[in-house]
Amino acid sequence: MVWIHGGAFVVEAAGDYLYHGHNFGVVHKDEVVLVTIEYRLGVLGFLQLEEMFGPEYKNSNNLGLLDQIEALKWIKKNISAFGGDPDNVTIFGNSAGAGSTSLLSICPKAQGLFKRAIAQSGAVGFSGAREHLLKTTQSWMVSVGCKTMEDLLALPIEKLFKCPQVGPTYQSEVLPYENYEEMFKAWESGIGKDIDLLTGTTENEMGYFVEEMVDPYVFMLHELSLQEQRRNFIADEDKWRFDKLMEVKDGKDLTTPLMRMTNDLIFHVQAYSQGISHGKTQGTGKNYMYYFITESHCDSKEYQGFNIGSCHAAEVSYVLNNTDCPEVSGPDQDQDFADTLQRMWINFAKFGDPSIPGLEWPEFTKENWNVMILDDGEKGGIRLDNTTLKEEMDLTLPLGKYKTMQSGL
């Protein structure tokens, strides 16, 4: 099992407290070889330089992904020396790590290097078009005073940390797709069709970003500033869908629909689009979906009374057995629940089926909406559900084609 860390392709590392693999590796050393990897981030890993400096820089837009591929090649060649099976490799990750996992699954250069993929709150939509990245690159170069490659090479390291939002780029040699639709199609009938996929999201993904900003008021002002831009980005015939998402109901304030809208457009739509596409696979790949609703135990007093809920990355400490980690999921995490999730993940990695004794986990398709609810017992426990987010996705999936996330919205 190969863990790819998150961090929006610009920050964090495999050795971070939340992401480190020691506790998982030790407990499961008799049945799993766990590998965690690093890769270039930010401007070191994802700048669009070919148009400015020539064809020798054609892959500068995906160096981070190429690093991951080199790591997988090394694992394929050497893992048997550590007791691993080179023909049964599972890649998994959260956020940017889940985006990486999804993109590697449809990347020609990565074919044959792994068998299964687990995407935790991330999908192929965590990538951008070439033109968008070029504009971002040019703007950043102006901001740091660079006009030539010599200028770039001479930059002091502190300026490299003044990083724009960059990430993997399609319309490229590494990701030879023109749009998201082609990438989702690759899961159905292209090179991703034979890969077993387990994907899912958390209930309140955006709560994590409230935590990042600390002040929920600042976060809401930021989201409100983007609201009209997002709506304007959507064609007139679909604006009613956006307006429906933003309806204030049951006496609640604007916070509830605003969080719902951002959760859906940035995370849920991406994951379900990918899951539905792979659920129609014309290959041998199996397809499973989960929905994590276990709430963070972080004290809401830290966020002026705001409950970040089951936020982005809330599942990571349970999956990696870092239940002593105070970040994101907070204190007093349920170890039995963590043990169960790890057993599901390991069963999927070993056999392509996350079912455990007493709880069958059937495959997910649009027609057979089998979603495993992952809850520590506070909201009913782990269970299979056939309605979760179904009506909401019927409403919002068509909005995915407008790529608001790619445009920074």
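Refer to the preceding data block for the structure.
Cut-offs applied
Residues numbered from 1 in each chain as written. Predicted model: local features only at pLDDT ≥ 70, side-chain atom pairs only at ≥ 80, totals over all residues. Heavy atoms only, no water. Salt bridge = Lys/Arg side-chain N within 4 Å of Asp/Glu carboxyl O. Buried < 20%, exposed > 50% of the residue type's maximum accessible area, 1.4 Å probe, protein only. Helix = DSSP H or I, 4+ residues; strand = E, 2+ residues; numbered from the N terminus. Contact = heavy atoms within 4.5 Å. Expected span 1.5 Å × (residues − 1). Bend = angle between axes of the 7 residues up to and from the residue. Pairing = 2+ DSSP bridges. Right-handed = clockwise from strand over helix to strand, strands pointing away.

Draft legend 1. Quick look at the pattern of salt bridges. Tallying each qualifying case throughout the model produces 22 salt bridges. Residues Asp-194 and Lys-193 are paired through a salt bridge, measuring 3.8 Å at the closest nitrogen-oxygen approach. The class of Lys-193 is partly exposed, set by a relative accessible area of 25%. In this structure, a network of salt bridges that share partners links the residues Glu-31, Arg-343 and Lys-350.

Draft legend 2. Here's a closer look at the side chain of Thr-323. Note that Thr-323 resides in the loop between α14 (316–319) and α15 (335–351). With a relative accessible area of 18%, Thr-323 lands in the buried category. Filtering out sequence-adjacent residues up to four positions away, Thr-323 remains in contact with Ser-317, Tyr-318, Gln-333, Gln-335 and Ala-338.

Draft legend 3. How the structure looks around helix α11 (residues 216–233). Taking 1.5 Å of rise per residue, 18 residues should cover 26 Å, and α11 covers 25 Å from first to last C-alpha, within 8% of that figure. Taking the largest bend as the criterion, α11 deviates by roughly 30°, centred on Gln-227. Every buried residue of α11 is listed here: Pro-216, Phe-219, Met-220, Glu-223, Leu-226, Gln-227 and Arg-230.

Draft legend 4. Spatial organisation of the pairing of strand β5 (residues 196–202). Here β5 lies mainly inside the structure; seven of its seven residues are buried. Every second residue of β5 is oriented toward a common face, with Asp-196, Leu-198, Gly-200 and Thr-202 on one face and Leu-197, Thr-199 and Thr-201 on the other, all of them buried. Across five bridges, the pairing between strand β4 (residues 116–120) and β5 is parallel. Bridging across to β5, Ala-117 finds its partner in Leu-197. Bridge analysis of β5 against strand β6 (residues 287–292) gives six bridges, and the strand direction is parallel.

Draft legend 5. Geometry of the pairing of strand β3 (residues 90–94). Counting buried positions over the five residues of β3 gives five, a clear majority of the element. Of the two faces of β3, the one carrying Thr-90, Phe-92 and Asn-94 and the one carrying Ile-91 and Gly-93 are both buried. With three bridges connecting them, strand β1 (residues 2–4) and β3 associate as parallel partners. The residue bridging Val-2 from the neighbouring strand is Ile-91, located in β3. Pairing analysis gives five bridges linking β3 to β4, with the strands arranged parallel. Across the sheet, Ile-91 pairs through a bridge with Ala-117, a residue of β4. Taking the sense of rotation as the criterion, the β-α-β connection linking β3, helix α5 (residues 96–105) and β4 turns out right-handed.

None of the figures reported here should be taken as evidence of function without further support.
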